[in-house]
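# Tertiary structure, described
Here are the chains, one letter per residue:
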There are 2 protein chains.
Amino acid sequence: MELTERKMKILQAIIRNYLESGEPVGSRTISKFTDLHLSSATIRNEMSDLEEMGLIRQPHTSAGRIPTDAGYRLYVDNMLQGGQEEETSLKDVLLERGDRLEELLQQVVRLLSTNTNYPSMISAPVIRQGKIKFIQLSQIDPTDILGVVVIEGNVVRSTMIHVDEPLESKTLLRLNMLLNNALCGLSTDEITLGLVQEIKQQAGEHSEIAQHVIEAAAEAIHSDTKPRIYTSGADKILEYPELAEDNAKAGRLIGDFEEKKNLASIVQEALDSDDQDGDIQVYIGNEMPMASMQNCSVVTATYDLGGGMKGTIGVIGPKRMDYDRVIGVMKQIMRQLDELYKK
Amino acid sequence: MELTERKMKILQAIIRNYLESGEPVGSRTISKFTDLHLSSATIRNEMSDLEEMGLIRQPHTSAGRIPTDAGYRLYVDNMLQGGQEEETSLKDVLLERGDRLEELLQQVVRLLSTNTNYPSMISAPVIRQGKIKFIQLSQIDPTDILGVVVIEGNVVRSTMIHVDEPLESKTLLRLNMLLNNALCGLSTDEITLGLVQEIKQQAGEHSEIAQHVIEAAAEAIHSDTKPRIYTSGADKILEYPELAEDNAKAGRLIGDFEEKKNLASIVQEALDSDDQDGDIQVYIGNEMPMASMQNCSVVTATYDLGGGMKGTIGVIGPKRMDYDRVIGVMKQIMRQLDELYKK
DNA sequence: TGTTAGCACTCATCATCATCGAGTGCTAAC
DNA sequence: GTTAGCACTCGATGATGATGAGTGCTAACA
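It should be emphasised that the depicted structure is a prediction, and the values quoted were computed from it without experimental measurement.

### Some remarks on helix 12 (residues 263-273) of chain B
Those residues of helix 12 of chain B lying buried are L263, I266, V267, A270 and L271 of chain B. For helix 12 of chain B, the arc enclosing every buried residue in end-on projection is 130°, short of the 170-degree limit, so these residues lie on one face.

### Here we look at the packing of aromatic side chains
Residue and element names in this part refer to chain A. Applying the stated criterion across every chain, the model contains four aromatic pairs over all chains. Taken together, a centroid distance of 6.2 Å and an interplanar angle of 55° make the contact between Y72 and Y323 tilted. Of the two residues, Y72 is situated in helix 4 (residues 69-79) and Y323 in helix 13 (residues 323-342); the sequence distance between them amounts to 251 residues. Taken together, a centroid distance of 5.1 Å and an interplanar angle of 25° make the contact between Y118 and Y240 stacked. In this pair, Y118 is assigned in the loop between helix 6 (101-116) and strand 3 (120-123) and Y240 in the loop between strand 8 (229-232) and helix 10 (241-244), connecting sequence segments 122 residues apart.

### Focus: the confidence of the model for chain A
When pLDDT is averaged across chain A, the result is 85; 88% of the residues are at 70 or more. Predicted confidence for residues 94-98 of chain A stays below pLDDT 50, and this span has six contacts to residues more than four positions away or in other chains.

### Quick notes on the relation of the copies chain A and chain B
Mapping chain A onto chain B calls for a rotation angle of 180° and an axial translation of 0.3 Å; the resulting RMSD is 0.8 Å. In the structure described here, the two chain copies are related by an operation that fits a two-fold rotation axis. Among all residues of chain A, the one whose C-alpha sits closest to the rotation axis is E258 of chain A, at a distance of 3.1 Å. When you check the interface residues of chain A against chain B, 97% turn up at the interface there too, and the contact is symmetric in its surfaces.

### Focus on empty space enclosed by the protein
Scanning all chains against the criterion turns up four cavities of 30 Å³ or more. In this structure, the largest cavity spans a volume of roughly 60 Å³. Along its surface, the largest cavity is lined by E242, L243, E245, D246, K249, A250, L253, S292, N295 and C296 of chain A. Among the elements of the structure, helix 10 and helix 11 (247-259) of chain A are those that each provide at least two residues to the lining of the largest cavity. Residue contributions to the lining of the largest cavity peak at three residues, all from helix 11 of chain A. In this structure, the second largest cavity encloses a volume near 40 Å³. The wall of the second largest cavity is formed by E242, L243, K249, A250, L253, S292 and N295 of chain B.

### Remarks on the layout of surface pockets
To find leftover empty space, one rolls a probe the size of a water molecule over the atoms. Taken as a whole, the second largest pocket encloses approximately 490 Å³ of empty space. Surrounding the second largest pocket, 25 residues form its lining, Q136 of chain A together with Q136, L137, L173 and N176 of chain B being those nearest its centre. Contributing elements (two or more residues each) for the lining of the second largest pocket: strand 5 (132-141) and helix 7 (169-183) of chain A together with strand 5 (132-141) and helix 7 (169-183) of chain B. Its residues assigned to classes, the lining of the second largest pocket shows twelve nonpolar, eleven polar and two charged.

### Regarding the side chain of Q136 of chain B
You can see Q136 of chain B is positioned in strand 5. Owing to a relative accessible area of 17%, Q136 of chain B belongs among the buried residues under this scheme. In terms of polar contacts, Q136 of chain B uses its side chain to reach the side chain of S138 of chain A, at 2.6 Å. In contact with Q136 of chain B, other than residues within four places in its own chain, are Q136 and S138 of chain A together with L146, G147, V148 and N176 of chain B.

### Considering the protein's contact with DNA strand C
The local shell around DNA strand C holds 19 residues, among which S27 of chain A together with R6, T42, T61 and S62 of chain B are the closest. Restricting attention to atoms of DNA strand C within 4 Å of the protein, one finds that 79% of them are sugar or phosphate atoms. S39 of chain B places a polar main-chain atom, nitrogen or oxygen, 3.2 Å from a phosphate oxygen of DNA strand C. Between DNA strand C and R44 of chain B there is a distance of 3.2 Å, counted from a base oxygen to a side-chain nitrogen or oxygen. Residue assignment for the surface near DNA strand C shows that the elements contributing at least two residues are helix 3 (40-52) of chain A together with helix 3 (40-52) of chain B. In terms of residue count, helix 3 of chain B provides more of the surface near DNA strand C than any other element does, four residues in total. Taken together, the residues of the surface near DNA strand C sort by class into four nonpolar, eleven polar and four charged.

### Some details on the interface of chain A and chain B
Listed per partner, the contact involves 36 residues of chain A and 36 residues of chain B. Together, the buried faces of chain A and chain B total about 2900 Å²; carbon and sulfur atoms form 50% of this surface. Here chain A is connected to chain B by six salt bridges. A salt bridge links R228 of chain B to E102 of chain A; the shortest N-O distance between them is 2.7 Å. Across the contact surface, chain A and chain B share 20 residue pairs in polar contact (both at pLDDT 80 or more). Those elements that place two or more of their residues in the side of chain A that touches chain B are helix 6, strand 5, strand 6 (144-151), strand 7 (155-162), helix 9 (207-223), strand 8 and helix 11 of chain A. Here the element with the most residues in the side of chain A that touches chain B is helix 11 of chain A; it accounts for eight residues. Taken together, the residues of the side of chain A that touches chain B sort by class into twelve nonpolar, twelve polar and twelve charged.

### So, the packing of helix 1 (residues 5-21) of chain B against helix 3 of chain B
Residues and elements named next belong to chain B. One can describe the packing of helix 1 onto helix 3 by two numbers: an axis separation of 10 Å at closest approach and a directional angle of 90°. As far as their axial angle goes, helix 3 and helix 1 are roughly perpendicular. Every residue of helix 3 that contacts helix 1 at R6, K7, I10, L11 and I14 is listed here: T42, I43, E46, M47, D49 and L50. Taken together, the residues that form the contact of helix 1 with helix 3 break down as six nonpolar, one polar and four charged.

### Focus on a negative patch on the surface
On the surface, a cluster of negative charge is contributed by D164, E165, E205 and E208 of chain A. Examined against the element boundaries, D164 of chain A turns out to sit in the loop between strand 7 and helix 7.

### Section: the domain arrangement of chain A
Under the domain assignment used here, chain A contains domain 1 (5-67), domain 2 (90-125 + 227-342) and domain 3 (132-222). One C-alpha centre belongs to domain 2 of chain A, the other to domain 3 of chain A; they are set 37 Å apart.

### Concerning the packing of helix 1 of chain B against helix 4 (residues 69-79) of chain B
Residues and elements named next belong to chain B. Running from amino to carboxyl end, helix 1 crosses helix 4 at an angle of 105°, the nearest separation of the two axes being 11 Å. Considered as vectors, helix 1 and helix 4 are oriented roughly perpendicular to each other. Here M8, L11, Q12, I15, R16, Y18 and L19 of helix 1 lie close against helix 4, whose contacting residues are G71, Y72, L74, Y75 and M79. A class-by-class count of the residues in the contact of helix 1 with helix 4 yields nine nonpolar, two polar and one charged.

### Description of the pattern of salt bridges
All names here are of chain A. Counted according to the given criterion, the structure contains 22 salt bridges over all chains. Its salt-bridge partner being R73, residue E287 comes within 2.9 Å of it at the nearest N-O pair. Residue E287 is located in the loop between strand 9 (280-284) and strand 10 (296-304), and its partner R73 is located in helix 4; the two are separated by 214 residues in the primary sequence. What makes E287 partly exposed here is its relative accessible area of 35%. A single salt-bridge network, built from bridges that share partners, covers R6, K7, E46 and D49.

Cut-offs and rules
Residues numbered from 1 in each chain as written. Chains lettered and ligands numbered in written order. Predicted model: local features only at pLDDT ≥ 70, side-chain atom pairs only at ≥ 80, totals over all residues. Heavy atoms only, no water. Buried < 20%, exposed > 50% of the residue type's maximum accessible area, 1.4 Å probe, protein only. Helix = DSSP H or I, 4+ residues; strand = E, 2+ residues; numbered from the N terminus. Arc of directions from axis to C-beta. Phe/Tyr/Trp six-rings, centres within 6.5 Å; stacked < 30°, edge-to-face > 60°. pLDDT = per-residue confidence, 0-100. Contact = heavy atoms within 4.5 Å. Least-squares fit on C-alpha atoms with pLDDT ≥ 70 in both. 1 Å grid on protein atoms, 1.4 Å probe; cavity = no way out; pocket = protein on both sides within 12 Å on 5 of 7 lines; lining within 4 Å. Points joined across faces, edges and corners; volume = space filled by probe spheres on them. Nonpolar A, V, L, I, M, F, W, Y, C, P; charged D, E, K, R; others polar. Polar contact = N/O pair within 3.5 Å; in protein donor to acceptor, adjacent residues only side chain to side chain. Near = heavy atom within 4 Å. Buried area = accessible area lost by both parts, 1.4 Å probe. Salt bridge = Lys/Arg side-chain N within 4 Å of Asp/Glu carboxyl O. Axes fitted to C-alpha atoms, helices over the stretch in contact; angles between N-to-C directions. Parallel < 35°, antiparallel > 145°, perpendicular 65-115°, else oblique. Patch = residues over 30% accessible without salt bridge, like charges linked within 9 Å, V, L, I, M, F, W, Y side chains within 5 Å. Areas by Shrake-Rupley, 256 points an atom, 1.4 Å probe, with all protein chains shown as cover. Lys, Arg positive; Asp, Glu negative; His and termini not counted. Charge placed at Lys NZ, Arg CZ, Asp CG, Glu CD. Domains from an automatic or database assignment.

Right, dumping it as structure tokens:
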């Protein structure tokens, strides 16, 4: 069966209506509200066709129609106006921001959530291939040594190493040089067991310290591969009956949000599938594999702060989500993030 | 009216029963389940008295009785057995822990929440009066300088300082000495504007770098005064009808949890009111001033890792909370934290 | 004087049942 | 191809009555 112009219009009308009301929408409503000027009976015939095509369905006999996942997909792909951009107040927020990235992200995600009214997330930027740039050991106390590791992108990690007796400054210097020579320019996968052995051997009696530093370095690179995620607006889950109807499901969703579980996979998915920067992805229903999000839609976008520092922002809501608005807000925020980091 | 031994026993029986069932408890239930061997009629008379004393109340005529806040208070203060300690598996958790404090805390709070089945929180330890112990500047790139500050309790903060052209290693050394000499041993409130001016003057053309480092140092001390809070088990809120009955209220509670709002006041309250370490505090209903927690109880305890590093753990639940169990689990965890940090 | 049995009364809960109305599919007429 | 009309379905709503847990009160009892 062919999807005529008129069928498209009707489908669009159904979805628009359903997004607003959340109620199944009947033929009479459509006949009244569109500029098609068709009687409800005609609409009914068309609806019957649309149902056959798998784009809408009846929750039960003698109820109106609601869109299926396929219907949503068609809508998102072809019928969206691309979202007029909302005027968000990122600038105001940023004026009062602290200087720390963490707080910035927290504020951005809060902004995203308040403007869309959906639970939202943001992942801290990941450095793709972090290489070690700088290592330094310093004697802090007679029995404590501070190890600092800097990797590409100027991410800093520090570790405290406890020793039984103070090291001579000469020894410390030697260790510093040894570690820098051996490790600088390497990324995690280049730090082999053999290499570690070799370094430890060269470090002699201080092999334990070397070990510590290497571990810290590895962790520094690794812990930024597994990006930090910030969330906001988890409480909004309860505002959408289709997410909150079942306490157990809502609980799982909230739990996932709090623990940042599963959100990591969303981030990964978004980073992978994103062919073009600033592109916005929409996942409907079980297009997301996570069990807790079977009846959700997820909208994601990738931001790029330059230098390969990429992260993801995402909004999670019911399938009956105001896609237009969400996409608008997202575009706006992405653009402002861009501007902000050009400086 | 006097609170006789028998009245106490009846009150206790009512509360015990109510904690388990969540249903108003009637006279007949008490007469059957206690070893008092009294008829329901007698119990009714006593209950009538207890109601007059404000310890229990009827949600409506011809329903059983439930405890009032005052009743709970009496119960918590006088009738609790102090909780047999639960066997929690902190050790297992800790075996697989990473070395980072953050992860440790996250795991502890998760443990607390799974064992009690209530939403829980933990605050990272605050250093009361952090003094600067060590400062170091290192040239990382031609145009980037890494500043590292260590304060008491071995808390490390780092900052990246961008310069227009590389510094000579001699200059760097001089700055290092200058900053260490000027700032080591000081806490934030001792860093006056005058002192900052003086340092900047001595730094000469590099006053900007000095400024940066001082700010980082100040922030290092400051950001640990406003403690980080970790939470777990927010989803469990939905498991308790008295918290979830009203979607709006549950939402506010979940929101508070996610944003860590208001939890800071709990931490403060607990740290202040705690006269003795390891003491456990119970707040019932509006003994906590936060609006979102009017019909909750909060159980807190203060842990001490030595060296003035104190933090708070807390469990939030419905008034009808299994106080005995919660207190038991808390004691257990406190003890294990203690043991752990003796090493 | 304290305890208990008995009784009338209250009130939330639950299932039943009829009603209502939104919405459909089908048919026949335009 | 479009529309009006009609019978039919089925969830939602609300009234009704039965049930039963629980109370307060009174009178009898030890």
